[in-house]
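Structure assessment
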Amino acid sequence: MHATIGSVKTWVPTSWQERPAAQQPEWPDPAALEEVLKELAHLPPLVFAGETRTLKSSLARVAEGGAFLLQAGDCAESFNESSADSIRDRLKVILQMAVVLTYASGLPVVKLGRMAGQFAKPRSAATERVGDVELPSFRGHAVNDAAFDAGRRRPDPQRMLRAYHQSASSLNLIRALTKGGFADLNKIHVWNQEFVAASRQGRRYEALARQIERSLQFMAACGIDLHGDRALHEVDFYVSHEALLLGFEQALTRQDSLTGDWYDCSAHLLWVGERTRQLDGAHIEFLSGVHNPIGCKLGPGATPDEVLALCERLNPDNEPGRLTLITRMGAKRIEERLPPLVSAVKEAGAGVVWTCDPMHANTFMTPNGFKTRRLEDVFAEIRSFFTIHHAEGTVPGGVHLELTHENVTECLGGAEEIFDVDLANRYEALCDPRLNARQSLDLAFQIGEMLQTG
Ligand code: PEP
Ligand code: CO
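Notes on the structure in this doc start here. (Residues numbered from 1 in each chain as written. Chains lettered and ligands numbered in written order. Predicted model: local features only at pLDDT ≥ 70, side-chain atom pairs only at ≥ 80, totals over all residues. Heavy atoms only, no water.)

**Digging into the side chain of T409**
Turning to its location among the elements, T409 is positioned in the loop between β16 (396–402) and α15 (437–453). Note on T409: relative accessible area 10%, which makes it buried. From its side chain, T409 meets the backbone oxygen of D422 in a polar contact 3.2 Å long. Of note is the side chain of T409, whose polar atom sits 3.1 Å from the backbone oxygen of L423. Among residues more than four places away in sequence, those in contact with T409 are I418, D422, L423, N425, R426 and Y427. (Helix = DSSP H or I, 4+ residues; strand = E, 2+ residues; numbered from the N terminus. Buried < 20%, exposed > 50% of the residue type's maximum accessible area, 1.4 Å probe, protein only. Polar contact = N/O pair within 3.5 Å; in protein donor to acceptor, adjacent residues only side chain to side chain. Contact = heavy atoms within 4.5 Å.)

Shown next as structure tokens:
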């Protein structure tokens, strides 16, 4: 419902309810849903408006080419992976990648997890059929369970409360680790040296790792206290997720006491997915009114007119750092689909962060039924992304990746040369295939090389 002042409609957190909302679960018990949303609305915010403003100003630097964005984490987080070890190890991979990228680019790296809230998934079909049985699709642990069982696939709103509480405890640990010494640059560098030493593929990056080592020695020789300086053992780490379940997001949307503006306090950055970015749809309406930095996925079907309309709708004041366009075109189509979008946005003078999701349009099924991605396609899409932006004179601002710290076998190729037949060894993805820790570091070093050669 819009609150109306004179004839001008003012955005309120419920405005989206007047629009069609794609990809919402069919909650079987509306009264139970209402109860949960009411409870969520009374719980404390997970993040604070001031933090999201700091992220927005960092993203404004990314848009100008003064920083690089690393957004990474699970496709779908799991309620079964809430242990301290699991959160710490996921964070560790991202921090390791960030050190490589910082050194290679010579720029600060903005670290943004797909973490502490990435519990809801859009699906290509509302139901899944196995033999004669048809059940609701798995929509993320905030909605139902992945197991193909009628009871466990039934959407249960209590799961949104669990998602809230798990996000709160993950964030608590992330804040403690990133400010309490775990993010120490020396330590992260040692982990990277271990990766480099441990495999043939890793040894390709000896030169880069040695350069980082020399820089640390140089700093120490100059009298910089590598252990005492806060900048070297603390990092700012932000969290993000897809703003899919609009009831949940609305319940966590709060008015900032300082500015009077609305912020979705479920995460620092929220993005709208490829399946829910309809211009007149509920998701765009919702995100248009919150003051967080926001992201928008753009697949190969996106047209220049559509992208300009999205910029206008999501960032009418052209506020720096407000809008990140996450392109996911696929290695085969990026060269055809991305340049017209980039030049249209540039010509319109819209200030955006351009970032590359080299995962979602490179997914395919193997003959033996595994959803996978080839590392070489992931590398190829990122390489084209850089080439296209360099040719247009625009800024290739960052990457958006799906990864895990676990030693899974879900994507093909990379340091350990995972083949089709290996996928069954350890395939644990709840939704999309993720890079494992070694593949992630391999990728970071490859992007590092691309950044160094310009
Ligand atoms: C995702 O990021 O997991 C996802 C579903 O992406 P997209 O909306 O780009 O398909
Ligand atoms: Co995904």
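**Side note on the packing of aromatic side chains**
Tallied over the full model, the rule gives 9 aromatic pairs. Ring centres 5.3 Å apart and planes at 45° place the aromatic pair F182 and W191 in the tilted group. Of the two residues, F182 and W191, both sit in the buried class. Linked through ring pairs, W11, W262 and F286 together constitute an aromatic cluster. Here the basic side chain of K92 rests over the ring of W191, its NZ or CZ set 4.6 Å away from the ring centre. (Phe/Tyr/Trp six-rings, centres within 6.5 Å; stacked < 30°, edge-to-face > 60°. Lys NZ or Arg CZ within 6 Å of the ring centre and 35° of its normal.)

**Side note on the nonpolar core**
The nonpolar side chains of a soluble globular protein tend to be buried, and buried together. Residues L40, L70, L298, L325 and W354 are the most contacted members of the largest nonpolar core, which totals 112 residues. Here this core gets 11 residues from one element, more than from any other, and that element is helix α3 (residues 84–105). In contact with L70, not counting residues within four places along its chain, are I94, M97, A98, L101, V109, V110, K111, L112, V399 and L401. (Core = buried A, V, L, I, M, F, W, Y, C linked by side-chain atoms within 4.5 Å.)

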